[in-house]
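Residue-level listing of the chains:
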Number of protein chains: 2
Amino acid sequence: MKNKKVAIIGVGFMGGSLALALREKFPNFIIWGYARNKSAYDRIKKAGVVHKVERDLKKSVQDADFVVFALPVRGIVEYFKKISSFVKKGAIIFDLGSSKEEIDRAALKYIPKTVHFVGCHPLCGGEKGGVEFCVKGLYRDASCIITASPRTAATKIVVKLWQQLGGKVIFLSSKLHDKILSSVSHLPHLISFSMTDFISKEYLKFSSRSLKDLTRISDSPAPVWTDILLSNKENLLRDLEGFIKILKKFDAAMKKGDRRKIGDLIIRANKKHQVLSNLT
Amino acid sequence: MKNKKVAIIGVGFMGGSLALALREKFPNFIIWGYARNKSAYDRIKKAGVVHKVERDLKKSVQDADFVVFALPVRGIVEYFKKISSFVKKGAIIFDLGSSKEEIDRAALKYIPKTVHFVGCHPLCGGEKGGVEFCVKGLYRDASCIITASPRTAATKIVVKLWQQLGGKVIFLSSKLHDKILSSVSHLPHLISFSMTDFISKEYLKFSSRSLKDLTRISDSPAPVWTDILLSNKENLLRDLEGFIKILKKFDAAMKKGDRRKIGDLIIRANKKHQVLSNLT
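Computed from a prediction, not measured in an experiment: that's the story for all the values here. (Residues numbered from 1 in each chain as written. Chains lettered and ligands numbered in written order. Predicted model: local features only at pLDDT ≥ 70, side-chain atom pairs only at ≥ 80, totals over all residues.)

### Some words on the sheet that holds strand E1 (residues 5-9) of chain B
All names here are of chain B. In space, the eight strands of this open sheet follow the order E3-E2-E1-E4-E5-E6-E7-E8, with mixed pairing throughout. Each edge of the open sheet carries a strand with a single partner, namely strand E3 (52-54) and strand E8 (168-171). Each strand axis lies, on average, 25° off the axis of its neighbour in the sheet, ignoring direction. Inspection of the sheet shows strand E7 (residues 143-146) paired to E8 by four bridges, in the parallel sense. Across the sheet, serine 143 pairs through a bridge with lysine 168, a residue of E8. On the sheet, helix H6 (residues 153-164) packs against strand E5 (92-95), strand E6 (116-122), E7 and E8 and is oriented at approximately 30° with respect to E6. (Pairing = 2+ DSSP bridges. Helix = DSSP H or I, 4+ residues; strand = E, 2+ residues; numbered from the N terminus. Axes fitted to C-alpha atoms, helices over the stretch in contact; angles between N-to-C directions. Contact = placed C-beta atoms within 7 Å.)

Take a look at the structure:
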């Protein structure tokens, strides 16, 4: 792939890291980063991750071969709408959003038929938002979920692109993606936020490694995670209910002093954990 | 301190690591390890962490200057009872138990007045139980909570001992200890067990770092943790209720689509996490 122009909408941690990785693997690509305001412009400029920082959305997008959306879910939906009138025919749009069904619906609604949309979600991220924290190797060995049909030419190009960056592509429907992500990521974040909120400030100095592990992700940025939780709320509400049911089993067993039941619940977790350990 | 005999009841990960650390820092100490059955005898012998492995409890304890209990809470209570008739006058007993009020009650009931009891809880542990995983430096830089009065001669000796091993001694009442540990350790374990139990086996291969962090401690051994959860159940039941209340706040805000409320809850967690990060 030669001399392609890539426009990145949302040059933060994920988008900026993508820019760095693309520049390394595709030295002929020209990477533009859109900045929605002066402060974003200054930060992106200072980080030096893209070839050109551009304040004008139309100029950023209109002649781009790839348009990448690395924004919180609601931002992606909003910018789909904004670019729909001037995105180039034949361009390939992909996103890095954490929930896929809502983005699919928006793509169907706003993205012209002459443009190719490939929903993506690389499973890597970090608690630290911001272009200042970008890392070139972020996508190396990361699982990259693609929710578009594997058969189109546009998907094949995007697959190749992720693979060149070291990502492992997995195809999933948006529906299944959202179900799985609710369990393996969105619920854990909700739990971590709640645990951190719960604990008394004066007890923090006694925190053990167990608490630190559990609360690590609770510095994940609020705007991003508000969007994620809301955009996947059907799955998440169901999972939260299921999780609370298990907490209540512990509650009931402790109230009864049912040593055997508590032991059984822990052994179930031990065994499942063993499966997880063997996978990684 | 010279030529002291230390009897360790419970030569597993914590007890065995203590034996290794004591041997390094107090080369004149003679460390005996009690083995309750042939299989324990063989494992301890093979690990080579104590000077002598002894199957006879009376022989292990009767002439010991220090008797250390490194067992699950219920085991500690049980062995207090067993040794009460033959523990040496003037001996110092201490334990490494994770809940302190129940152990205090048992000490008051079973340990003769001529013997000194100093309740201890070093805040280090590991998911891996067993003498095979011992590490000499386990107590280095670990916070060691002591629940006995700081003024007695026996306590002063035990303080010195932990400090020599590199531990940082903190005095707390048993009551406050149990309250704090419920929040910073017991509830996080209960949450981790529940999260691991909840997740579908077929989703595990998509687990992100967030899930791995949250589930790491769910391979903590069932016998140890059944005891801990039950021995601190009043505090834990109250904390569990408080934690579920916060989960329900997320639930309600998501159901209403209340973006601002969700953002507020996350920001609260972000801020508390910042306090925790600054502490460590």
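### Focus: the packing of helix H9 (residues 222-231) of chain A against helix H11 (residues 259-279) of chain B
H11 of chain B packs onto H9 of chain A with a crossing angle of 130° between their chain directions and a minimal axis gap of 9 Å. Judged by the angle between their axes, H9 of chain A and H11 of chain B are oblique. Judged by the sense of rotation from one axis to the other, the crossing of H9 of chain A with H11 of chain B is right-handed. Between H9 of chain A and H11 of chain B, the residues in contact are Ala222, Trp225, Thr226, Leu229 and Leu230 of chain A and Arg259, Ile262, Gly263, Ile266, Ile267 and Asn270 of chain B, respectively. Classifying every residue of the contact of H9 of chain A with H11 of chain B by side-chain character gives seven nonpolar, three polar and one charged. (Parallel < 35°, antiparallel > 145°, perpendicular 65-115°, else oblique. Left-handed = near helix turned anticlockwise from the far one by under 90°. Nonpolar A, V, L, I, M, F, W, Y, C, P; charged D, E, K, R; others polar.)

### As for the sheet that holds strand E5 (residues 92-95) of chain A
Residue and element names in this part refer to chain A. Taken in spatial order, the eight strands make up an open sheet running E3-E2-E1-E4-E5-E6-E7-E8, and their pairing is mixed. Taken across any chain shown, the strands that pair with only one partner, and hence form the sheet edges, are strand E3 (52-54) and strand E8 (168-171). Averaged over all pairs of adjacent strands, the angle between strand axes in this sheet comes to 25°, irrespective of strand direction. On the sheet, helix H6 (residues 153-164) packs against E5, strand E6 (116-122), strand E7 (143-146) and E8 and is oriented at approximately 30° with respect to E6.

### What to know about the relation of the copies chain A and chain B
Mapping chain A onto chain B calls for a rotation angle of 180° and an axial translation of 0.0 Å; the resulting RMSD is 0.0 Å. Here the copies are linked by what is in effect a two-fold axis. Looking at the interface residues of chain A, 100% of them are also at the interface in chain B, so both copies use one shared face. (Least-squares fit on C-alpha atoms with pLDDT ≥ 70 in both.)

### Looking at the domain arrangement of chain A
When the parts come together, some accessible area is lost, and that loss is often what is quoted as the size of the interface. All names here are of chain A. Looking at the assigned domains, one finds that chain A contains domain 1 (5-172) and domain 2 (176-279). Taken over C-alpha atoms, the centre of domain 1 sits 31 Å from the centre of domain 2. Listed as interface residues are 14 residues of domain 1 and, on the opposing side, 15 residues of domain 2. Among the elements of the structure, helix H4 (73-83) and helix H5 (101-110) are those that each provide at least two residues to the side of domain 1 that touches domain 2. Here the side of domain 1 that touches domain 2 is composed, by residue class, of four nonpolar, five polar and five charged. (Domains from an automatic or database assignment.)

### Focus on helix H5 (residues 101-110) of chain B
Along H5 of chain B, the residues that are buried comprise Glu102, Ile103, Asp104, Ala106 and Ala107 of chain B. Tucked into the core, H5 of chain B has its buried residues touching helix H4 (73-83), E5, E6, helix H7 (174-198) and helix H9 (222-231) of chain B. (Buried ≥ 20, exposed ≤ 12 C-beta atoms within 10 Å, placed from the backbone.)

### A look at the nonpolar core
Counting 186 residues, the largest nonpolar core has Ile8, Val67 and Val68 of chain A together with Ile8, Ile9, Val67 and Val68 of chain B as the members making the most contacts within it. The contacts of valine 68 of chain A, once residues within four sequence positions are left out, are Val6, Ile8, Ile9, Gly15, Leu18 and Phe94 of chain A. (Core = buried A, V, L, I, M, F, W, Y, C linked by C-beta atoms within 7 Å.)

### A word on the interface of chain A and chain B
Across the contact, 68 residues belong to chain A and 69 residues belong to chain B. For the side of chain A that touches chain B, the secondary-structure elements that each account for two or more residues are helix H7 (174-198), helix H8 (209-215), H9, helix H10 (233-256) and helix H11 (259-279) of chain A. Across the side of chain A that touches chain B, the residue classes break down as 37 nonpolar, 19 polar and twelve charged.

### Thoughts on the packing of H7 of chain A against H10 of chain A
Residues and elements named next belong to chain A. Interaxial distance between H7 and H10 falls to 9 Å at its minimum, and their mutual angle equals 60°. The orientation of H7 relative to H10 falls into the category oblique. Judged by the twist between their axes, the crossing of H7 over H10 is right-handed. Seen from H7, the contacting residues are Asp178, Lys179, Ser182, Ser183, His186, Leu187 and Leu190; seen from H10, they are Asn235, Leu236, Asp239, Leu240 and Phe243. Considering only residue class, the contact of H7 with H10 consists of five nonpolar, four polar and three charged.

### Re the confidence of the model for chain A
Put simply, chain A has an average pLDDT of 95, and 99% of its residues get 70 or more. Here the predicted complex scores 0.89 on pTM and 0.88 on ipTM. (pLDDT = per-residue confidence, 0-100.)

### Some words on unusual backbone geometry
Glycine aside, residues mostly have negative phi angles, and peptide bonds mostly take the trans form. Non-glycine residue aspartate 141 of chain A carries a positive phi angle of around 65°. Secondary-structure assignment places aspartate 141 of chain A in the loop between E6 and E7.

### Observations regarding the pairing of strand E2 (residues 30-34) of chain B
Residue and element names in this part refer to chain B. Burial within E2 is extensive, with four of its five residues counted as buried. Pairing of E1 with E2 involves five bridges; the strand directions are parallel. Considered in E2, the bridge of alanine 7 is made with tryptophan 32. Once the chain exits E1 it traverses helix H1 (residues 13-25) before rejoining the sheet at E2, and the crossover so formed is right-handed. Here E2 pairs with E3 via three bridges, running parallel. From the neighbouring strand, glycine 33 faces E3, where its bridge partner is valine 53. (Right-handed = clockwise from strand over helix to strand, strands pointing away.)

### A few points about the pairing of E6 of chain A
Residue and element names in this part refer to chain A. Buried residues dominate E6, accounting for six of its seven residues. As judged from the four bridges shared by E5 and E6, these two strands associate in the parallel manner. Paired with phenylalanine 94 across the bridge in E6 is valine 118. In this view, the connection linking E5 to its parallel neighbour E6 by way of H5 has right-handed handedness. Relative to E7, E6 runs antiparallel, the two being bridged by three bridges. By the bridge assignment for E7, histidine 121 is matched with isoleucine 145.

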